[in-house]
Amino acid sequence: MRSDLQSAPLSLKIAAAAGLLFLHLPILLIFVYAFTTEEKSYQWPPPGFTTQWLAVTWNRPDVWQALGLSVQVGAISTAIALVLGTLCAAAVSGSKFFGRETISLLVILPIALPGIITGIALRSAFSLAEIPFSMWTIILGHATFCVVVVYNNAVARFRRVSGSLVEASMDLDANGFQTFRYCILPNIGTALVAGGMLAFALSFDEVIVTTFTAGQQQTLPIWMLEELVRPRQRPVTNVVAMVVVLVTLLPILAAYYLTRDGDQIAGSGK
């Protein structure tokens, strides 16, 4: 029997390969320049290759300080987003009330607006309230869009969980916590994990909002921007960029594999 899947034409394959190269070739160049022997400029082809910049980067305390701040901000922002995003998703998907769609729009608005608008708004609010810039102002800024990521994942999963599960739990005299723990959480758990990973990746990479809310603090992306204008030890910046690529790629891949089978929801259609 003839297969329904036919081989793609050569022109389509070439176009797909060209698109992939356009997207990923600059990232591959980061990996190349992380091992070049030239430290003040970008030459192609590189004059030579060395691993010395890995040791140089490892011994730079400013890199570790920026990395530590980025990890702290990302972790706390993600934790806040998991709580607020899940609660918002549960409220919007679990009941009908006046203004529900408006609330949903307001929740996702921060990620739809340009980052510079969010940054200016937050900086103006912090200045008006006389809140000093610190790690916590960065966290508040990042939480505005991290909540959206968790909310989008959670609300889609909540809407596919059968209401009969909650009804059956109530019939068995389970309280609210038990219903959430044994009926709802197993069904939305992978969506929350995926949303949290994506939120952490976005927070770890954020530049624009961080610029307006950091004050004198330096997250890793801000550190990289400032290092790029210096002609000394440019491969160090590429080593750090290579690490950032790997750190953000892993949670994105994990989120993809956790959510690709999300259509298999317990109790759906019953």
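Everything below is about the structure printed above this text.
Model, not experiment: these values are computed from the prediction. (Residues numbered from 1 in each chain as written. Predicted model: local features only at pLDDT ≥ 70, side-chain atom pairs only at ≥ 80, totals over all residues. Heavy atoms only, no water.)

Asker: Could you give an account of the overall build of the chain, naming the residues involved and the relevant values?
Answerer: Summing up its helical and strand segments, the chain has 11 helices and zero strands in all. Reading the helices (α) and strands (β) of the chain from amino to carboxyl end gives α-α-α-α-α-α-α-α-α-α-α. In the chain, which comprises 270 residues, the proportion classed as buried is 34%. In the chain, the proportion of contacts linking residues at least 24 apart, taken out of those at least 6 apart, comes to 75%. Looking at the chain as shown, the accessible area adds up to about 16000 Å², and 68% of this sits on carbon and sulfur atoms. (Helix = DSSP H or I, 4+ residues; strand = E, 2+ residues; numbered from the N terminus. Buried < 20%, exposed > 50% of the residue type's maximum accessible area, 1.4 Å probe, protein only. Contact = heavy atoms within 4.5 Å. Areas by Shrake-Rupley, 256 points an atom, 1.4 Å probe, with all protein chains shown as cover.)

Asker: So what about the nonpolar core? Which residues, and what values?
Answerer: Counting residues in hydrophobic clusters, the biggest one holds 20 residues, and the most contacted among them are Ala89, Tyr151 and Phe158. Where this core is concerned, the elements lending two or more residues are α3 (61–94), α5 (115–128), α6 (135–158) and α8 (176–205). Looking at this core element by element, the count peaks at nine residues for α6. By size, the runner-up hydrophobic cluster in this structure holds 15 residues, among which are Ala66, Phe200, Leu220 and Met242. (Core = buried A, V, L, I, M, F, W, Y, C linked by side-chain atoms within 4.5 Å.)

Asker: Explain α5 residue by residue, including any values.
Answerer: Residue pairs three or four apart in sequence face the same way in an α-helix, which turns once every 3.6 residues. Look at α5: 20 Å from first C-alpha to last across 14 residues, which is about the 20 Å you get at 1.5 Å a residue. Burial in α5 covers these residues: Thr118, Gly119, Leu122 and Phe126. Looking straight down α5, one finds its buried side chains confined to an arc of 100 degrees; they lie on one side. One or two positions beyond α5, positive phi appears at Glu130, with a value near 55 degrees. (Expected span 1.5 Å × (residues − 1). Arc of directions from axis to C-beta.)

Asker: Go over the side chain of Glu206, please, and point to the residues and values.
Answerer: Within the secondary structure layout, Glu206 lies in the loop between α8 and α9 (208–213). One buried charged residue, Glu206, remains without a salt bridge, the closest side chain of opposite sign being Arg123 at 13 Å. Side-chain polar atoms of Glu206 contact the backbone nitrogen of Val209, separated by 2.6 Å. Ignoring sequence-local partners within four residues, the contact set of Glu206 consists of His142, Phe145 and Pro221. (Lys, Arg positive; Asp, Glu negative; His and termini not counted. Salt bridge = Lys/Arg side-chain N within 4 Å of Asp/Glu carboxyl O. Polar contact = N/O pair within 3.5 Å; in protein donor to acceptor, adjacent residues only side chain to side chain.)

No statement about biological role is implied by the geometric values presented.
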